[in-house]
Every structure is written in structure tokens, then in C-alpha cells.
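Overview (structure and organization)
If you want the building blocks of each chain, they are given just below.
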Amino acid sequence: NLGGGQQQQQQQQWNNNNPGSQFSSEELKQMLSLQQQLLIQQQQMQQQQQQQGMLQQLASVTSGVGSSGIGGVGGIGGMGNTSNVQVENGALQLLQQYQQQLNSGNNTLGSSGSINMGLGSQPSPMPSFSYNQEQQQQQPTKRAHRLEPVLSNSNSTNLPNSVASHLPLLSLNNPDGNVLRSYYQLSVNDLLNLPPIPSDEDYCTILSQNNYNCLPSNLPTYDQSALQAARFAELALGALANNQVPLALELSNASVMCMRNCVEEPSHKSCIYDVARAYLLHGIFRSYRGDFVRYFKYRRVCMSHLSQLNNEPNVEALLAAMSYHDALAYMMHNASEDALPDIDEVLPRLDDCGKNDSGCDIEAKYGISTNASSVVTNANNQMWMQGAPPVFLNNEASLVNRSLDALACAVRSCCDQANSSFEEMAKEAGVDLPAGGGSCGTSATTQAVMANENELCSRNIVLSAQTLLSQHAGTSHEKSKKHGLVMVATAMEAFLENGGGDEEGMGGFTDKQIKNLLAVCNTIVKNPLLLFAPGPTYHMVSNVAILLCHLLNGIHANCGGSSGNAKSGMEEVLFDEVLDAFMAIRKLLNLHRKNLPVKLRCHGIPRPKLGPFKKSDPETPFIDLGDTLMCVCRGCQGFVLMGCSPCVAAERSASSARMHANQSEDDDDEFERELGQSDDFNLDDDALLSLLSRIVQN
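Reading guide: rules and limits
- In this convention, every chain numbers its residues from 1, walking through the sequence in written order.
- Where totals are concerned, whole chains, interfaces and linings use all residues; where local detail is concerned, this predicted model gives features only for residues with pLDDT of at least 70, and gives and counts side-chain atom pairs only at 80 or more.
- Excluded from the side-chain calculations are hydrogens and water; all other atoms, namely the structure's heavy atoms, are used.
- Note on conventions: DSSP H or I runs of at least 4 residues are helices, E runs of at least 2 residues are strands, and numbering of each starts at the N terminus.
- For every residue, the accessible area obtained with a 1.4 Å probe (protein chains only) is divided by the maximum for its type, and the residue is called buried under 20%, exposed over 50%, and partly exposed between those limits.
- In this description, contact between two residues means that some pair of their heavy atoms is separated by no more than 4.5 Å.
- The accessible surface values rely on the Shrake-Rupley method and a 1.4 Å probe; as for residues, cover is taken only from the protein chains in view.
- In plain words, nonpolar cores are sets of buried Ala, Val, Leu, Ile, Met, Phe, Trp, Tyr and Cys residues tied together by side-chain atoms within 4.5 Å.
- The angle between two axes is taken between their N-to-C directions and runs from 0 to 180 degrees, where each axis is a line fitted to C-alpha atoms and a helix contributes only its stretch in contact.
- The cut-offs work like this: below 35 degrees is roughly parallel, past 145 is roughly antiparallel, 65 to 115 is roughly perpendicular, and the gaps in between are oblique.
- Any residue outside Ala, Val, Leu, Ile, Met, Phe, Trp, Tyr, Cys, Pro, Asp, Glu, Lys and Arg is labelled polar, Gly included; the first ten of those are nonpolar and the last four are charged.
- The span one expects for a helix is its residue count, reduced by one, times 1.5 Å.
- Salt bridge, as applied in this entry: a Lys or Arg side-chain nitrogen positioned within 4 Å of an Asp or Glu carboxyl oxygen.
- Crossing handedness follows the turn of the near helix against the far one: under a right angle anticlockwise gives a left-handed crossing, and clockwise gives a right-handed one.
- A residue's pLDDT is the confidence the predictor assigns to it, expressed on a 0 to 100 scale.
- Two aromatic rings, drawn from Phe, Tyr or Trp (for Trp, its six-membered ring), form a pair once their centres lie within 6.5 Å of each other, and the interplanar angle then sorts them: stacked below 30 degrees, edge-to-face above 60, tilted otherwise.
- We call a pair of cysteine sulfur atoms a disulfide when they lie within 2.5 Å.
- Here a patch means residues that are over 30% exposed by relative accessible area and free of salt bridges, tied together within 9 Å if like-charged and within 5 Å if nonpolar (Val, Leu, Ile, Met, Phe, Trp, Tyr).
- Charged residues are defined here as Lys and Arg on the positive side and Asp and Glu on the negative side; His and the ends of the chain fall outside this count.
- Note on charges: their place is set at NZ of Lys, CZ of Arg, CG of Asp or CD of Glu.

1. Quick word on the overall build of the protein
On a plain count of helices and strands, the protein comes out with 27 helices and 2 strands. Per-residue burial for the protein yields a buried fraction of 50% across its 698 residues. Excluding contacts between residues fewer than 6 apart, the proportion of contacts in the protein whose partners are at least 24 apart in sequence is 76%. Carbon and sulfur atoms make up 48% of the accessible area of the protein, which totals about 33500 Å².

2. A closer look at the nonpolar core
Membership of the largest hydrophobic core comes to 171 residues, with the highest contact counts inside it found for Tyr279, Phe296, Leu306 and Met492. At 14 residues, helix H13 (residues 315–332) tops the list of elements feeding residues into this core. Excluding anything up to four places from it in sequence, Phe296 contacts Ala329, His333, Leu340, Pro341, Ile343, Met383 and Trp384.

3. Considering the packing of helix H6 (residues 175–187) against helix H9 (residues 221–241)
The geometry of H6 relative to H9 is characterised by a closest axis approach of 7 Å and an angle of 80° between their N-to-C directions. As the angle between them shows, H6 and H9 are arranged roughly perpendicular. For the pair H6 and H9, the contacting residues are Gly177, Leu180, Arg181, Tyr183, Tyr184 and Ser187 in the first and Glu234, Leu235, Leu237, Gly238, Ala239 and Ala241 in the second. Of the residues contributing to the contact of H6 with H9, the split by class is 7 nonpolar, 3 polar and 2 charged.

4. Let's talk about the environment of Leu531
With respect to the helices and strands, the residue Leu531 is situated in the loop between helix H22 (511–526) and helix H23 (537–560). Each C-alpha atom, one on Leu531 and one on Val188, is 9.2 Å from the other, the two residues being 343 residues apart in sequence. Not counting chain neighbours up to four residues away, the residues in contact with Leu531 comprise Ile524, Tyr538, Val541, Leu588, Leu589 and His592.

5. Section: the side chain of Asn452
In this structure, Asn452 sits in the loop between helix H18 (444–451) and helix H19 (453–456). In contact with Asn452, not counting residues within four places along its chain, are Lys365, Tyr366 and Cys457.

6. Re helix H11 (residues 272–288)
Taking 1.5 Å of rise per residue, the 17 residues of H11 would be expected to cover 24 Å, and the 25 Å separating its terminal C-alpha atoms lies within 8% of that figure. Burial analysis of H11 places 17 of its 17 residues in the buried class, which makes it a mostly covered element. Note on H11: the residue one or two positions beyond its end, Gly290, has a positive phi of about 85°.

7. Looking at the pattern of salt bridges
Per the stated rule, a full pass over the model turns up 11 salt bridges. Of the charged contacts in the structure, one is a salt bridge between Asp274 and Arg277, with a shortest N-O distance of 3.1 Å. On the criterion of helical spacing, the pair formed by Asp274 and Arg277 is a turn pair, its members being 3 residues apart in helix H11. For the pair formed by Asp274 and Arg277, the shared burial category is buried. Among the salt bridges present, the one from Arg286 reaches Asp685, with a minimum N-O distance of 3.3 Å. With a gap of 399 residues between them, Arg286 in helix H11 and Asp685 in helix H27 (residues 678–697) connect regions that are remote in the sequence. The same class applies to Arg286 and to Asp685, which are both buried. Put simply, Arg286, Asp291, Arg294, Asp685 and Asp686 are held in one network by salt bridges that share partners.

8. So, the packing of helix H20 (residues 458–475) against helix H21 (residues 483–496)
Where H20 meets H21, the closest approach of the two axes is 10 Å, and the angle between their N-to-C directions is 150°. The angle between H20 and H21 places the two elements in the roughly antiparallel class. The handedness of the crossing between H20 and H21 is left-handed. Residues Ser458, Arg459, Val462, Gln466 and Leu469 of H20 pack against Leu485, Val486, Ala489, Thr490, Met492, Glu493 and Leu496 of H21. Taken together, the residues of the contact of H20 with H21 break down into 7 nonpolar, 3 polar and 2 charged.

9. Comments concerning unusual backbone geometry
Even without a glycine there, the phi angle at Asn314 is positive, about 70°. Position of Asn314 relative to the elements: it lies in the loop between helix H12 (292–306) and H13. On the accessibility criterion, Asn314 (38% relative accessible area) is partly exposed. Notably, Asn334 is not glycine yet its phi reads approximately 50°, a positive angle.

10. Here we look at the confidence of the model for the protein
Within the protein, residue pLDDT values average 78, and 68% of them lie at 70 or more. Throughout residues 61–92 the model reports pLDDT below 50, and contacts reaching past four residues in sequence, or to other chains, amount to 43 contacts. Counting contacts from residues 501–505, a segment whose pLDDT is below 50, to residues more than four positions away or on other chains yields 5 contacts.

11. A few points about the environment of Asn310
The residue Asn310 is located in the loop between H12 and H13 in this model. Overall, the relative accessible area of 34% leaves Asn310 in the partly exposed class. Leave out the neighbours within four places in its chain, and Asn310 touches Val315, Asn371, Ala372 and Ser373.

12. Regarding the packing of aromatic side chains
Given two aromatic rings, their pairing is described by the distance between the two centres and the angle made by the two planes. On inspection of all chains with the given rule, the structure shows 7 aromatic pairs. Aromatic pair Phe292 and Tyr295: ring centres 6.2 Å apart, planes at 85°, arrangement edge-to-face. With a gap of 3 residues between them, Phe292 and Tyr295 both fall in helix H12, about one helical turn apart. Of the two residues examined, Phe292 and Tyr295, each falls in the buried class. Put simply, the rings of Phe292, Tyr295 and Phe296 touch in pairs and so form one group of aromatic residues.

13. Looking at the state of the cysteines
A complete count under the given rule lists 0 disulfides for this structure. Take Cys636: it sits in no disulfide, and the sulfur closest to it among the cysteines is that of Cys602, at 4.0 Å.

14. Concerning the environment of Leu237
The topology assignment puts Leu237 in helix H9. Separated by 51 residues in sequence, Leu237 and Tyr288 place their C-alpha atoms 9.2 Å apart.

15. A word on a negative patch on the surface
Residues Glu572, Asp576, Glu577 and Asp580 make up a contiguous surface patch of negative charge. Among the structural elements, Asp576 can be located in helix H24 (residues 569–594). When its relative accessible area of 39% is taken as the criterion, Asp576 is described as partly exposed.

In C-alpha cells, the structure reads:
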């Protein structure tokens, strides 16, 4: 503190140097106050220079500390992961000297952080100064990774304000964000079973295992952006499941902007998995909007990242998730590669890296490798997964992931069989198939199934998937049940069940098949969010409803039609039970169908003939499936046309394809006009894909 003696000495010196000058006491106080402020500024500058000098000496002694995170005036806020760093005695002495200087500086300035002028005036507040913030602004923290010294960081993500406004949703303490994550978990991840995205703290722990220590606030830009992109992609899918479409589009765009922040610099190996996850989830989101062109593009970018991951944990989860959602694209394009978009000029195909000797037995028998880099670079898998299921054949993969890949292979196999049947019916009826629906030849999946029928035929592989799920349920300590996977396996078992009887009476349905159909309906009624699950899940549920229509028509015809059979009590109870399940599932499907683009909609299921305004004729079907608005997928059309002749089936299939082609463009335009921001978001997607294309081609 500056006492009154120093003030008198300064005033006396002023009077000696300026004899005869006359100043009032107020003017002298103002002059002295200005002079004291200049002295304070000089002291602060000296203190800053001393602090910088001490830090430079400290950095020269210990290079392993990394970003020390030194706090403001008053002490050291933290030094990263100091338990894993060996600090030499010289560094400790420097730290002690630095602490003493800070304490002495605090004592000089006073505990209150203000200067007492000693002239009766109010103390002026000391200018606030945070050395940590100033140092970060002047000298960005350098990333000195031992394995990849080329990496650099910048703690600012430079996100637009529209994106930064959604950053609070990423916090685990944000209630709105937790709601969206719950919707994602109950809809999408119930089937995909992807591992949780690591928090910033957990990611720093992962980096420390790779000899690089940093604080969550000091994460490099591309690492931080990769984690944020994956989190935004999850929230976008959760918002879509909650029917918050505008918010879902904004969150999806936020994921795109984050991916643009981490695309130009090489990703650290610790975040490649999350980068690949972000691209796959965003591609799935685009496919939900009916945009399969961008899905295939983002899928290929995801594969380019997966090609760098061979022994990474949970890499099989991404491969199985990709395989299952590819099954939807396989169905909607009727397994025809001619109907696929040409993206090779924008994003070239990955070079085949060959087979790996680690799985020689599997390679010798099935002709594929279970190694991740070999799977994604295989020529058959560049647009969608084909051939034998690699994750299912990998005994080291998770049981859930193996079952999901097995179900995806079963769906592809069933689609190939349906396409072959429709092509034969079209030839017999002389009906021309629509464009892009011609013969696609024998697919790689069909070749693999024919070569290994005992293991890979549809019925056997579905039974294997159910066995894997049973083993997982018995050994897993998870509290949540995999409702989606169990439901898909149950539906596939019902589809592949062979009734073995004639089409009279109960319509050829076995007791086990009826039980499975009702189990699928009950699962959806209890968990309607599963309709938003990826892959062909929604189409499976629609076909279950169609089979219930056939069952109701069979019971109605057997007990009340021309056969003259009397109704039994058991058949009456069964009819009422099936009718209740059908009406409930039909309502849910129609509500979900209205929110989908035309090209993704499955059957529009007609109502049964009930009520005073419907004429119920015992000679006519209880539910006229001739009024069904059929799906564009031939595999789904086969469920509606199972009671028709081949000629009628071929004609109705061709008619349905022409109807979808005429309505799709107009309805999709109206669908997108409801969302005014979709064009702007598409531009951001195109900018990201253009940037990725230039990087890949260079």
C-alpha cells in the first residue's frame, strides 16, 4: 500500500520543480490518482512478464506436462493428468517459486484485489485478468503427440450461431437432450446396439492411453468436432422419432457443420470410429427422408474410415448396423444394381486390400474375410453388403451384432427369391417389368447361400440368429431387453414358416405362425417407437399386418362363407383376438406411413367390412386386399399377392410400380415444401460431400 508519506514527498517534489504554481487540493488529488494508476499498470506488466518467463523455464524442464491449465491469480488450477507424469525436482522448485511470486503479488495488491489511494477516495477495482484465457488467445496450445506429431489443435470449433445454440443439448445434464437421446435409444439403437459415444472426460482418458494428455477444455478441434457430430446425429434421429421434424433437420445440419470442421485435417486414430459413426448415422437420417443418393455417399465415406480400423473394439457393431440398413436399400431397389445412383465419380470405390490370413478357415469355406478393412474394401460391398455375412461368421464378434448381420443376410436372400419369382411370373404373363426392374442375375448373396445352404439358407440362419439372442439374454447383464431384435427375428420366423396344409380352413397358418404374428403386433403396440428403427423393420411389421388380413379372411371364409361350417368357440375367440391386434397395428402403421416420403411407404392397408355402412357378404373377403396400395418392393408385394394367380400378380406388380413412379415426384415435393429449411440444409450437405470428394480424389 502507498502511504501518506509518499504522497507528501511527491507533492513536495512537485512544488520544488514548479515554484509559484498554485493548485487546489482537488486538482492535486486528481493528478496523484492518475499517477497511481500508471504505477499500477507498470506493476501488472512486470508481473505478466515474470509469469511468462517462469512458464518458459518450466516448459524447458518438463516437456511431458502438456497443457498445464494454469489458472488465474491465486494458484494453479490443474496440470492435466499429473498422476501419469513424472515431474523433475527442478520443475517442482520452479512451481514453488511461481506460487510464492503469485502470493507475494497478491499481498502487494491487497486481499480485496484493489488499491487504496490513501487520499480518502474510493478504491478503484483492479482490472480482472485471467492468465489462462490470455495465454490461449495469444498462443494456442500445441498438440505434441508422440505417434502423430503432425497433429495440431484449436480449441474453438468455429460453429455458426444456429449450430452453437444447440450445443447445450449435448450435455448429459440437459433434460431436453436426455429426452432426445432416450428416443434414439428406444427406436434406432434398440436394433443397432452401437456403443455409447464417449464423454469428453472419457475421451481424454483414451488419449492418455496413447501417450497424450489433455483436458476436456483443450481437446483438438477435429477430435471435439467428431464427438459433437456423432452426438448431434443421435439427437437428430431421436427428434425424428419424436416427430420433431424441424428440430431434427436443424440437429442434422449441426452434425454436418461439425463434420466439416474435422474433415480437412487427418483424424487421430482415437476418434476415427466416432467419425465413421457420425457419417453412418447421418446417412441413415438422409435415407429416412427418402434421399438414398446421399445415404450411399455418406456410407462410402464411413467405409473409408472403417478401412483404417481392424482391431478396433466395436467395429463389428458398425458393420452389422450398415449391413442391416443396407437391406432396406436392397429391398427398395429390388436388388437391382442398375437402379442404383452412380457415385463413383464423386467418391471412388475403395481399393480391394485382399483377404486376411487370420480367418483362413472362413475364407476357404465362404470366400470372404471377417477383417474390417477386407469387408469394406470388398468389391461386392461398395454399394450394399452382399455375399456371406462376415460379422455373423466372426465368432469373436458380439452375439447381438452377429444376430443382426444374420437377419440382414436372410432379408437379402428372401428379396432375391421374390425377385426371381416375379421375373418368372412376368415372363409367363407377357408383362414388361418397369425400368430398373429387369433381371439382376444371380447375386453374390444367392451364390453364397447356394454354396453353403445348410448354414446360410433363410430358415437356418434365422434360427441361428434366435439362438444367438437367447445366449445373449442368458449371459448379458444388461437391464434393457432387445425388443427390436427379438421382434425382427420373430417376424422372420413367421414369414418363413411352412404351413404345410391346404389353403382352406385356417388359410394354411400353423399355431406357431399365428403365435409369432400376434407377438410381433403386441411388441409394436407396447413399443411403437420401433417403427422408426432402421432397416426394413417398418416393412416387416406392415407385412405382418397383411398376413393377419389373410388369416382373418381365412377364418371368415371357413366359418361364415360358402363352406357352411359352423363356428366353434375356439375359432371365435381367435378371430376376435386377431381382429383386435390387426386394428391396433393398422392404426399405428397408418399414422407412421403419413409421415414418410412416398418412396418409403409400405402398404396402405384397407379396413375390414365392419359397421352399419359396410355391407358384409359372407361370399366376399372380410378384408378386400384388392384395395391395398402396395409397396414398391416386390418382396413386400408377394405378401399381398400370395393368393393371386401368377398372371394377376405380375400385372398388379407392374401397375403398382407405375403408380409409384407417377405419384412419387409430386408427393415428395409437397412433403419437402412443408419443411422450409430443407433446401438450405441440402446445400450444406452438398458442400460437405463436395469437400470430401476433393479430398478423396487428391
